[in-house]
Amino acid sequence: MRNLAWEIEDRTLVREFIDGNEKSFEILLYRYKSKIYTTIVLIVKDREVAEDLFQDTMVKAVEMIRAGRYNEEGKFLPWVIRIARNLAIDYFRKEKRNPQVRNNPQSETSYLEFAGSYEENPEEKVISEQTSRYVLELIDKLPEKQKEVLMMRHYSELSFKEISDLTSVSINTALGRMRYALVNLKRMVEKSGAEPVESASN
Amino acid sequence: MKQIYSESDILRFLYDEMPREESERFVDELVNNQSLWNLFEEIKEIHDSLPEINLEPSDICVASILNKINETPQPVKKANRFSSVLSYGLPGLLTLIGVVSVVFFTNDFKSKSAPEISNYWNITDTHQKIQGLKTRLESTGDQYWVARKIYGNAYLLTENSSGATKMVSGIVNK
């Protein structure tokens, strides 16, 4: 859960940046770069492309703040995630229409690194990483809206309320999609190859 | 009425989005409700199996962003009519208000220092000859009130606008 004091400070930092203190934006950048970047990587599945999109996201955020298009009522992280998500989805759609040939094609999950596991045994560590990649591949097979909620809640750490605002659905719908996402993951793990169940609101 | 908890409530609890009081009631229910506990364990198991992913952009990427932000010029703030009024009109308005206040205050003070005898009962020359009365009458705007204060319930010897008079008793002795 994000620290409430941090959120109050976010508003102050944005205000200071608007008043001309560029250091304030730097603090925000360092605070949230991991979450924003992770969100983009999980959508586009390519770290190089994600870095370009991450740059585009932050530059666009700055332009919008300076142009007076940042709504102080909204929180900073969900606002930036929305920009990142839109840019990443636009890229993904263009890529699907005109796929680019890459010099170093990446495997499905090779773009991912996992947080350090507690296993000291290298063998166990390898198994743990393989399991993680497997689960991520299953997440990728979820229905789009369920995957989106799961990614935003679990990896971007947005609240269900923020997700519901971002995706223009009720909180109950967002919770329902998350519930179905987890249920479907379990079904897929238990019966490998089983088709995921779509919720009524999907 | 006993609350019935759903899978959505379990998710809110797992992701720390339940208010504290509700969390405490939820935990009480978990302990005493086996079917809720089974459901909670099932969802928690899947939740715990989700791998941790914590990716960082490269330092070059971050540096590039900061360079671009510093290069992008700050837009010149457009002077809008409202801000122009505030910056130029307000001091003028305040000055005008100050001048008008001074004028009114001065006039008002003058009128108080030299009050006109406009009350119904006029003070006669006889009263004014009594020592100190004239001074007191001049220092206050309410001459009639001063006269009544000095003479108590005595009537003033006055002549009102229609020529009627009232006798003052004991005024000379006082």
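About the thresholds
- Residues numbered from 1 in each chain as written.
- Chains lettered and ligands numbered in written order.
- Predicted model: local features only at pLDDT ≥ 70, side-chain atom pairs only at ≥ 80, totals over all residues.
- Helix = DSSP H or I, 4+ residues; strand = E, 2+ residues; numbered from the N terminus.
- Contact = placed C-beta atoms within 7 Å.
- pLDDT = per-residue confidence, 0-100.
- Core = buried A, V, L, I, M, F, W, Y, C linked by C-beta atoms within 7 Å.
- Buried ≥ 20, exposed ≤ 12 C-beta atoms within 10 Å, placed from the backbone.
- Expected span 1.5 Å × (residues − 1).
- Axes fitted to C-alpha atoms, helices over the stretch in contact; angles between N-to-C directions.
- Parallel < 35°, antiparallel > 145°, perpendicular 65-115°, else oblique.
- Left-handed = near helix turned anticlockwise from the far one by under 90°.
- Nonpolar A, V, L, I, M, F, W, Y, C, P; charged D, E, K, R; others polar.

Caption draft 1: Structural view of the overall build of chain B. Scanning chain B for helices and strands turns up 8 helices and 2 strands. In sequence order, the secondary structure elements of chain B are arranged as α-α-α-α-α-α-α-α-β-β. Considering only intrachain contacts with a sequence separation of at least 6, the fraction spanning at least 24 residues in chain B is 43%.

Caption draft 2: Up close: the overall build of chain A. Within chain A, the secondary structure is distributed over 8 helices and 0 strands. Along chain A, from the amino end to the carboxyl end, the secondary structure elements read α-α-α-α-α-α-α-α.

Caption draft 3: Local environment of the confidence of the model for chain B. Residues and elements named next belong to chain B. Of the residues in chain B, 47% reach a pLDDT of 70 or more, and the chain-wide mean stands at 67. Segment residues 113-124: pLDDT under 50, and 22 contacts once partners within four positions in sequence are set aside and those in other chains are kept. Long-range and interchain partners of residues 126-131, a stretch whose pLDDT sits below 50, account for 9 contacts in this model, where long-range means more than four residues apart. Both scores are available for the predicted complex, with the pTM at 0.63 and the ipTM at 0.77.

Caption draft 4: Representation of the nonpolar core in the model. Within the largest apolar cluster, 48 residues are counted, with the highest numbers of intra-cluster contacts made by A:Ile40, A:Val44, A:Ala50, A:Met178 and A:Ala181. Tallying contributions element by element places helix α2 (residues 22-44) of chain A first for this core, with 9 residues. Residues in contact with A:Met178, not counting those within four places in the same chain, are A:Val149, A:Leu150, A:Arg153 and B:Leu11.

Caption draft 5: Expanded view of helix α2 (residues 20-32) of chain B. End to end, α2(B) covers 19 Å across 13 residues, agreeing with the expected 18 Å (1.5 Å per residue, within 8%). Of all 13 residues that make up α2(B), 0 are buried, and the element is exposed over most of its length.

Caption draft 6: Structural context of the packing of α2(A) against helix α4 (residues 76-97) of chain A. All names here are of chain A. Axis separation between α2 and α4 bottoms out at 10 Å; the angle between their running directions is 30°. Relative to α4, α2 is oriented roughly parallel. Of the two possible hands of crossing, α2 and α4 adopt the one that is right-handed. Residues Leu28, Tyr32, Lys35, Ile36, Thr39, Ile40, Ile43 and Val44 of α2 form the contact with α4, whose own contacting residues are Phe76, Leu77, Val80, Ile81, Ala84, Arg85, Ala88, Ile89, Tyr91 and Phe92. The class makeup of the residues in the contact of α2 with α4 is 15 nonpolar, 1 polar and 2 charged.

Caption draft 7: Expanded view of the confidence of the model for chain A. Of the residues in chain A, 78% have a pLDDT of 70 or more, and the chain-wide mean is 82. Within chain A, helix α1 (residues 4-18) of chain A has the poorest average pLDDT of any element, 78, and helix α3 (residues 47-66) of chain A the best, 94.

Caption draft 8: View of the interface of chain B and chain A. Every contact between the two is made by 30 residues of chain B and, on the other side, 40 residues of chain A. Listing elements by their share of the side of chain B that touches chain A, those giving two or more residues are α1 (7-14), α3 (34-49) and α4 (59-71) of chain B. Here the element with the most residues in the side of chain B that touches chain A is α4(B); it accounts for 8 residues. Grouping the constituent residues of the side of chain B that touches chain A by class yields 15 nonpolar, 9 polar and 6 charged.

Caption draft 9: Broad picture of unusual backbone geometry. With a phi angle near 60°, A:Lys45 is a residue other than glycine that sits in the positive phi range. Backbone geometry at A:Glu157 places phi at a positive 60°, although glycine is not the residue there.

Caption draft 10: Just the environment of A:Phe160, in detail. Turning to its location among the elements, A:Phe160 is positioned in helix α7 (residues 160-167). Separated by 14 residues in the primary sequence, A:Phe160 and A:Ala174 have C-alpha atoms spaced 6.4 Å apart. Filtering out sequence-adjacent residues up to four positions away, A:Phe160 remains in contact with A:Arg153, A:Ile171, A:Ala174, A:Leu175 and B:Glu17.

Caption draft 11: Representation of the environment of A:Tyr134 in the model. Tracing the sequence through the fold places A:Tyr134 in helix α5 (residues 122-140). Placed 55 residues apart in sequence, A:Tyr134 and A:Val189 show a C-alpha to C-alpha distance of 9.3 Å.

Caption draft 12: View of the packing of α7(A) against helix α8 (residues 171-190) of chain A. Residue and element names in this part refer to chain A. Between α7 and α8, whose axes approach to 8 Å, the crossing angle comes to 105°. Judged by the inter-axis angle, α7 sits roughly perpendicular to α8. Along its contact with α7, which presents Phe160, Lys161, Ile163, Ser164 and Thr167, the element α8 presents Ile171, Thr173, Ala174 and Leu175. Tallied by class, the residues present in the contact of α7 with α8 amount to 5 nonpolar, 3 polar and 1 charged.

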